[in-house]
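# Notes for the structure review
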Amino acid sequence: MSIEITSISKTFESFKALSDINLKINTGELVALLGPSGSGKTTLLRIIAGLETADSGSIMFDGEDNTGKSTQDRKVGFVFQHYALFKHMTVFENIAFGLKVRPSKLRPSKEVIEKKVNELLSLVKMEELAKRYPSQLSGGQRQRIALARALAVEPRVLLLDEPFGALDAKVRKDLRRWLRKLHDEYPITSVFVTHDQEEALDVADRIVILNQGKIEQMGTPEEVYDNPTNPFVYNFLGNVN
Ligand code: ADP
């Protein structure tokens, strides 16, 4: 699903968090929103998700205006850094949740849900952990389950806010490889927020650099890295290696 962001602005009290953001994301693209803390990354992601409303501008999904539509209708899945799994539910139940709460007409049968959850467990390589509770999992395992849960409803857009931020380097690397692979194999469009330039350079098809609520630069990792357009981007990328 393509996402077209036109002239989005957002002010909190008198603070301008986003100024006139214009960005077109193509179907299947994996886009990183990169920038220092406070640059507006999360606000933009929340507006795309429908969790926050913009003061002005529009967001179109596949050419259709989604203003006022619920996040469920937008077919978006979320993964956040501290996206708590339901503590009283097993891994299996956590992943099945989004399917079980569907209106009865759209709810798959028990057998179909079971098959789907097992497929997702296998996709995130967590087959053996179906009966565990979140407290019995490591941070990396929990985040894999959060990814499986987000994917259960077959989102056409996946929005990730610092999804791997709290994990150690090895797990982070494994999960970002996994996200890349998911993109190479499934027709899903993803936007992920990160302040980790290495992560953005490593997995994204395109990097959008935000600074003080404005798009400072965007391009493929090579374009952004090889040709930083101003001192801000240059300094920001300067400490990658
Ligand atoms: P980033 O994700 O790049 O760190 P954010 O989008 O979270 O940046 O925030 C951008 C700016 O907007 C920050 O200065 C933040 O304090 C401010 N901000 C974000 N959400 C709110 C809010 N609900 N109320 C007031 N200010 C906010």
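Residues numbered from 1 in each chain as written. Predicted model: local features only at pLDDT ≥ 70, side-chain atom pairs only at ≥ 80, totals over all residues. Heavy atoms only, no water.

Of note, Glu162 is situated in the loop between strand E7 (157-161) and helix H5 (169-185). Buried charge without a partner: Glu162 forms no salt bridge, and the closest opposite charge is Lys41, 5.2 Å away. For Glu162, the side chain forms a polar contact with the side chain of His195, separated by 2.7 Å. (Helix = DSSP H or I, 4+ residues; strand = E, 2+ residues; numbered from the N terminus. Buried < 20%, exposed > 50% of the residue type's maximum accessible area, 1.4 Å probe, protein only. Lys, Arg positive; Asp, Glu negative; His and termini not counted. Salt bridge = Lys/Arg side-chain N within 4 Å of Asp/Glu carboxyl O. Polar contact = N/O pair within 3.5 Å; in protein donor to acceptor, adjacent residues only side chain to side chain.)

Now for the packing of helix H3 (residues 110-123) against helix H4 (residues 139-152). For the pair H3 and H4, interaxial distance at closest approach is 9 Å and the crossing angle is 140°. As far as their axial angle goes, H4 and H3 are oblique. Crossing geometry of H3 relative to H4 is assigned as right-handed. Residues Lys116, Leu120, Leu121 and Leu123 of H3 form the contact with H4, whose participating residues are Ile145, Ala148, Leu151 and Ala152. (Axes fitted to C-alpha atoms, helices over the stretch in contact; angles between N-to-C directions. Parallel < 35°, antiparallel > 145°, perpendicular 65-115°, else oblique. Left-handed = near helix turned anticlockwise from the far one by under 90°. Contact = heavy atoms within 4.5 Å.)

Of note, Ile145 is situated in helix H4. Ile145 sits in the buried class, given a relative accessible area of 0%. On a C-alpha basis, the gap between Ile145 and Phe92 in space is 9.0 Å, while along the polypeptide they are 53 residues apart. Once residues within four sequence positions are removed from consideration, Ile145 is found in contact with Leu85, Val91, Asn94, Ile95, Leu121, Met126 and Leu137.

Right, let's get into the site of the ligand. In the region of the ligand, the neighbouring residues are Phe12, Phe15, Ala17, Pro36, Ser37, Gly38, Ser39, Gly40, Lys41, Thr42 and Thr43. Between Ser39 and the ligand, the recorded distance is 3.0 Å, taken from a backbone N or O atom to an oxygen atom. Protein burial of the ligand: of its 560 Å² of free accessible surface, 60% is covered by the chains. Taken together, the residues that form the shell around the ligand break down as four nonpolar, six polar and one charged. (Near = heavy atom within 4 Å. Areas by Shrake-Rupley, 256 points an atom, 1.4 Å probe, with all protein chains shown as cover. Nonpolar A, V, L, I, M, F, W, Y, C, P; charged D, E, K, R; others polar.)

All right, on to H3 then. Across its 14 residues, H3 extends 20 Å between first and last C-alpha, which sits within 8% of the 20 Å expected from 1.5 Å per residue. Once H3 ends, the next one or two residues include Lys125, with phi positive near 55°. (Expected span 1.5 Å × (residues − 1).)

What follows covers the sheet that holds strand E1 (residues 3-12). Reading across from one edge, E2-E1-E4-E5 is the order of the four strands in this open sheet, with antiparallel pairing throughout. The sheet is open, and its two edges are formed by strand E2 (15-25) and strand E5 (64-65), each paired on a single side. By the bridge criterion, two bridges tie strand E4 (residues 56-61) to E5 in an arrangement that is antiparallel. Of the residues in E5, the one forming a bridge with Phe61 is Glu64. Against the sheet, helix H1 (residues 41-49) touches E1, E2 and E4, its axis set at about 120° to E1. (Pairing = 2+ DSSP bridges.)

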